[in-house]
Amino acid sequence: MTGDLTSETDTLASDHRRLQSHYAEIASLAGGLAHEIRNPLSTISLNLELLSEDLSEGDSPKTHRILQKLAVVRQQCQHLDRILNDFLQFARVGTVTLCPADLNRTVRLFIEFFSPSAAGRGIDISPHLAGNLPSVRLDSQLWRQMLINLCRNAMQAMPAGGVLELQTYKRGDAVVLEIIDNGQGMTAETKSRMFETFFSTTPDGSGLGLPTVRKIVEAHAGTISCESEVGRGTRFTITIPAVSASERDAAIPQNSTVL
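Quick caveat, the model's predicted, so the values are computed rather than measured.

Q: Would you take a moment to explain the pattern of salt bridges for this structure?
A: Opposite charge on two side chains allows them to pair when their charged atoms are near. Inspection of every chain in the model, using the stated rule, returns 3 salt bridges. Measuring nitrogen to oxygen at the nearest pair gives 3.1 Å for the salt bridge that ties Arg193 to Glu196. Between Arg232 and Glu229 there is a salt bridge whose closest N-O contact spans 4.0 Å. Looking at Arg232, the relative accessible area reads 60%, which means it is exposed.

Structure, rendered in structure tokens:
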């Protein structure tokens, strides 16, 4: 019986390594493809800008029409570049390095970075961070990107300004982060599809922001849930495991892979 269990465990481990290898290969190919697209896209954008400059001194109706068409093409190139940026972020969320960290400090640093953008949109950031939180294991760079994605979505949902709350607290053996806005909210259909890749409700959206958020949360062995109501706002709740005392003392980085 012991031999059968050992064999089964070895098989599962082998399958997991194979899946990790396949994921790494796909992520590498996707990243390479995105870079290959970006190079000619940058050339196209540069030449469109030069053409616009050459035509800017003209004053005929035909020249104005050409400039308008060039502006539309440049806007679409910028949109494609944003999609490529989001796609590269999505493809890179694979193996992450998790180290013990103070979640409150991470949130405070993010608020310091994000506050000028929020203030420019008439949005007040209201932090409510519980004291004496246990440490958590974070990949700080990915966690920052997750916060950027969620808070940018919140800003888009509050075009006339509003309040963005960030709350932390302990729940059992986990630490919870909530991001709450009082914006437009989501319909039931949008809420059911928000984590689908390439699903977006905005013309300029890539549909990769929230799928990337979910991958980052899962890479931290966490969960993410959402409550939203049209006209009442949205609340994202992220839960990740707290670091045990033995892990904190060891302070050894751990790798985690999301497939």
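Q: Any chance you could explain the packing of aromatic side chains here in plain terms?
A: Centre distance and the angle of the planes are the two values used to describe a pair of aromatic rings. Inspection of the entire model under this criterion finds 2 aromatic pairs. Seen in terms of ring centroids, Phe110 and Phe113 are 6.2 Å apart; in terms of plane orientation they differ by 50°. Their pairing is tilted. One end of the pair is Phe110 and the other is Phe113, both in helix 3 (residues 103-120) and 3 residues apart, which spans about a single turn. On the numbers, 5.1 Å between centres and 20° between planes, the contact of Phe110 with Phe114 is stacked. Taken together, the positions of Phe110 and Phe114, both in helix 3 and 4 residues apart, correspond to about one turn of that helix. Taken individually, Phe110 and Phe114 each receive the classification buried, so the pair is uniform in this respect. Chaining the aromatic ring pairs together yields one cluster made of Phe110, Phe113 and Phe114. Cation over ring: Arg144 sits above Phe113, and NZ or CZ is 4.1 Å from the ring centre.

Q: What exactly am I supposed to notice about the packing of helix 3 against helix 4 (residues 140-156) here?
A: Pairs of packed helices are described in terms of their axes, by the angle between the two and the distance that separates them. Remark: helix 3 packs on helix 4, axes separated minimally by 11 Å, with the N-to-C direction vectors making an angle of 45°. In terms of axis orientation, helix 3 runs oblique to helix 4. Between helix 3 and helix 4 lies a crossing of right-handed hand. Counted together, Leu103, Thr106, Phe110, Phe113, Phe114, Ser117 and Ala118 of helix 3 and Trp143, Arg144, Leu147, Ile148, Cys151, Arg152 and Met155 of helix 4 form the full contact between these two elements. Considering only residue class, the contact of helix 3 with helix 4 consists of 10 nonpolar, 2 polar and 2 charged.

Q: Hey, could you run me through the sheet that holds strand 2 (residues 123-129) in this one?
A: Pairing between the strands of a sheet comes from backbone hydrogen bonds, and it takes one of two forms, parallel or antiparallel. The sheet built from 5 strands is open, its strands ordered 2-4-5-7-6 with mixed pairing. Where the open sheet ends on each side, the last strands, each with one partner, are strand 2 and strand 6 (223-229). Averaged over neighbouring strand pairs, the angle between their axes works out to 15° when direction is ignored. Here strand 5 (residues 174-181) pairs with strand 7 (residues 233-241) via 8 bridges, running antiparallel.

The rules behind each value
Residues numbered from 1 in each chain as written. Predicted model: local features only at pLDDT ≥ 70, side-chain atom pairs only at ≥ 80, totals over all residues. Heavy atoms only, no water. Salt bridge = Lys/Arg side-chain N within 4 Å of Asp/Glu carboxyl O. Buried < 20%, exposed > 50% of the residue type's maximum accessible area, 1.4 Å probe, protein only. Phe/Tyr/Trp six-rings, centres within 6.5 Å; stacked < 30°, edge-to-face > 60°. Helix = DSSP H or I, 4+ residues; strand = E, 2+ residues; numbered from the N terminus. Lys NZ or Arg CZ within 6 Å of the ring centre and 35° of its normal. Axes fitted to C-alpha atoms, helices over the stretch in contact; angles between N-to-C directions. Parallel < 35°, antiparallel > 145°, perpendicular 65-115°, else oblique. Left-handed = near helix turned anticlockwise from the far one by under 90°. Contact = heavy atoms within 4.5 Å. Nonpolar A, V, L, I, M, F, W, Y, C, P; charged D, E, K, R; others polar. Pairing = 2+ DSSP bridges.

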